[in-house]
Amino acid sequence: MKVSIIMTSYNKPHFVGKALRAALNQTMGDFELLLMDDNSDAETQRVIRPFLSDPRVRFYRSGVKSLEERAQKTRYAVLINQAIRLSRGEYITYLTDDNIYHPSRLERMSNYLDERPDVQIVYSSSVTRYVDDNGKIVRTVERPATQVTRMAPCIVDHCSVMHRRSILPEVYRRFGAFWDEDPRYYRLGDARFFWRLNQLWPFHPLPEVLDYNYITTVSLHQQMFSEEKSALIRKLPPQKTCRELRESLAALTGHGT
Ligand code: TYD
Ligand code: MG
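Since this is a predicted model, take the numbers as computed values, not measurements. (Residues numbered from 1 in each chain as written. Chains lettered and ligands numbered in written order. Predicted model: local features only at pLDDT ≥ 70, side-chain atom pairs only at ≥ 80, totals over all residues.)

A. Just the overall build of the protein, in detail. Assigned secondary structure in the protein consists of 10 helices and nine strands. Taken along the three principal axes of its C-alpha coordinates, the protein extends 45 × 40 × 35 Å. A sequence separation of at least 24 residues applies to 83% of the contacts in the protein between residues at least 6 apart. (Helix = DSSP H or I, 4+ residues; strand = E, 2+ residues; numbered from the N terminus. Contact = placed C-beta atoms within 7 Å.)

B. Fine view of the site of ligand 1. In the neighbourhood of ligand 1, 15 residues make up the surrounding shell, with Asp38, Arg75, Ser219, Leu220 and His221 lying closest. At the level of secondary structure, the elements contributing two or more residues to the shell around ligand 1 comprise strand E1 (3–9), helix H4 (75–86) and helix H8 (220–225). In terms of residues, the shell around ligand 1 owes the most to one element, H4, which gives three residues. Class assignment of the residues belonging to the shell around ligand 1 gives a composition of five nonpolar, five polar and five charged. (Near = placed C-beta within 6 Å. Nonpolar A, V, L, I, M, F, W, Y, C, P; charged D, E, K, R; others polar.)

C. Region of the structure containing the packing of helix H6 (residues 168–175) against helix H7 (residues 189–200). Closest axis-to-axis distance for the H6/H7 pair is 11 Å, and the angle between their directions is 105°. On the basis of their axis angle, the class for H6 and H7 is roughly perpendicular. The segment H6 lies against H7, with Glu170, Val171, Arg174 and Phe175 engaging Arg196, Leu197 and Leu200. Looking at the contact of H6 with H7, its residues break down into four nonpolar, no polar and three charged. (Axes fitted to C-alpha atoms, helices over the stretch in contact; angles between N-to-C directions. Parallel < 35°, antiparallel > 145°, perpendicular 65-115°, else oblique.)

D. Seen up close, H4. Its 12 residues give H4 an end-to-end C-alpha distance of 17 Å, which sits within 8% of 16 Å, the value for a rise of 1.5 Å per residue. Buried residues belonging to H4 abut E1, strand E2 (31–37), helix H3 (67–72), strand E4 (91–96) and H7. (Expected span 1.5 Å × (residues − 1).)

E. Inspection of the nonpolar core at higher detail. Counting 55 residues, the largest nonpolar core has Ile6, Met7 and Leu95 as the members making the most contacts within it. When residues in this core are grouped by element, the largest group, six residues, is from H4. Ignoring sequence-local partners within four residues, the contact set of isoleucine 6 consists of Leu34, Met36, Ile80, Ala83, Ile84, Ser87, Ile92, Tyr94 and Leu95. (Core = buried A, V, L, I, M, F, W, Y, C linked by C-beta atoms within 7 Å. Buried ≥ 20, exposed ≤ 12 C-beta atoms within 10 Å, placed from the backbone.)

F. Up close: unusual backbone geometry. Phi angles above zero are rare outside glycine, and asparagine 11 is one such case at about 50°. Within the element layout of this structure, asparagine 11 appears in the loop between E1 and helix H1 (16–24). Taking the number of C-beta atoms within 10 Å as the measure of exposure, asparagine 11 has 15 and is therefore partly exposed.

G. View of the environment of leucine 188. Inspection of the secondary structure assignment puts leucine 188 in the loop between H6 and H7. On the basis of neighbour counts, which here come to 22 C-beta atoms within 10 Å, the residue leucine 188 falls in the buried class. Considering only alpha carbons, one finds leucine 188 and histidine 221, 33 residues apart in sequence, at a separation of 9.1 Å. Once residues lying within four places of it in the same chain are set aside, the contact partners of leucine 188 are Lys240, Cys242 and Leu245.

H. Region of interest: the environment of serine 4. With respect to the helices and strands, the residue serine 4 is situated in strand E1. Along the primary structure serine 4 and glutamine 72 are separated by 68 residues, whereas in three dimensions their C-alpha atoms are 27 Å apart. Those residues in contact with serine 4 that sit more than four places away from it in its chain are Phe31, Glu32, Leu34, Ser87, Arg88, Gly89 and Ile92.

I. How the structure looks around the pairing of E2. Buried residues dominate E2, accounting for five of its seven residues. Handedness of the β-α-β unit built from E1, H1 and E2 comes out right-handed. Pairing geometry for E2 and strand E3 (residues 57–61), over five bridges, is parallel. Residue leucine 34 lies in a different strand from E3, and its bridge partner there is arginine 58. In this view, the connection linking E2 to its parallel neighbour E3 by way of helix H2 (residues 42–48) has right-handed handedness. (Right-handed = clockwise from strand over helix to strand, strands pointing away. Pairing = 2+ DSSP bridges.)

J. Seen up close, the pairing of strand E9 (residues 204–215). As paired elements, strand E5 (residues 99–101) and E9 share three bridges and run antiparallel to each other. Following the sheet pairing, asparagine 99 is matched in E9 by asparagine 213. Alignment of strand E6 (residues 121–131) against E9, held across nine bridges, turns out to be parallel. In the strand pairing of E9, serine 124 is matched with leucine 206.

K. Focus on the packing of H7 against helix H10 (residues 242–253). Where H7 contacts H10, the two axes come as close as 10 Å, and the packing angle between them is 5°. By the angle between their directions, the pair H7 and H10 is classed as roughly parallel. Of the residues in H10, those touching H7 at Ala191, Arg192, Trp195, Asn198 and Gln199 are Cys242, Leu245, Leu249, Leu252 and Thr253. Considered class by class, the residues forming the contact of H7 with H10 number six nonpolar, three polar and one charged.

Everything listed here is a matter of geometry and, on its own, says nothing about what the molecule does.
Quick look at the structure:
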């Protein structure tokens, strides 16, 4: 098995179907998709159901019920750590329920790693689109992949990386876990994971847009910055910032980029 896609999902009925369709319509077929659903509402489950008959999809649903439980640990980090243990691919890549893969993303990124045995982690350019309640795009930001970097946190997106499975034991040895489940990083879970990776390896660029990330009014990111905090956000501890992560990483590695 070449690639394991680790996808997290929670209550995004208007996006999760599009995200799944784009992941399953890849030009490269040698992959499994671990769909980790955090006990979504009935509407979201209805959207997901038809995809479960695809033999490449492996579906897991958590038993999380209370908001207290949701706030105790960074839920997507918990789900990803479980999925890593279940996964079988030579390469690991990540997907959220509000991100659309380019059709040749898996092919391009896995070829990149196939051709460069010394590269452990590749990242692509990506586009972030902010959408309003009607699904209208109100702002677009491109994140270009231009250089080899030891400063990926808050620059590279969750859904824009692929890494070798073989690096994971060393991450575990060094940090005691793969992704960090500490809820002070709920907003920056991907950046926190990259903070770990970058202490060990740089990220190598594939300068093409290979995923489209949608920030909706229900995404955690929007909720944290909005005036009316949701019930979940109000239960979280004070959140670490990009600046803190990046400054500590620069101090640890001696790299500014
Ligand atoms: P998302 O709301 O998309 O946050 P962001 O603003 O950072 O994009 O959530 C990120 C991922 O976390 C998404 O795939 C859904 C998942 N998630 C859970 O698995 N459980 C939860 O309780 C929450 C709130 C999110
Ligand atoms: Mg999101």
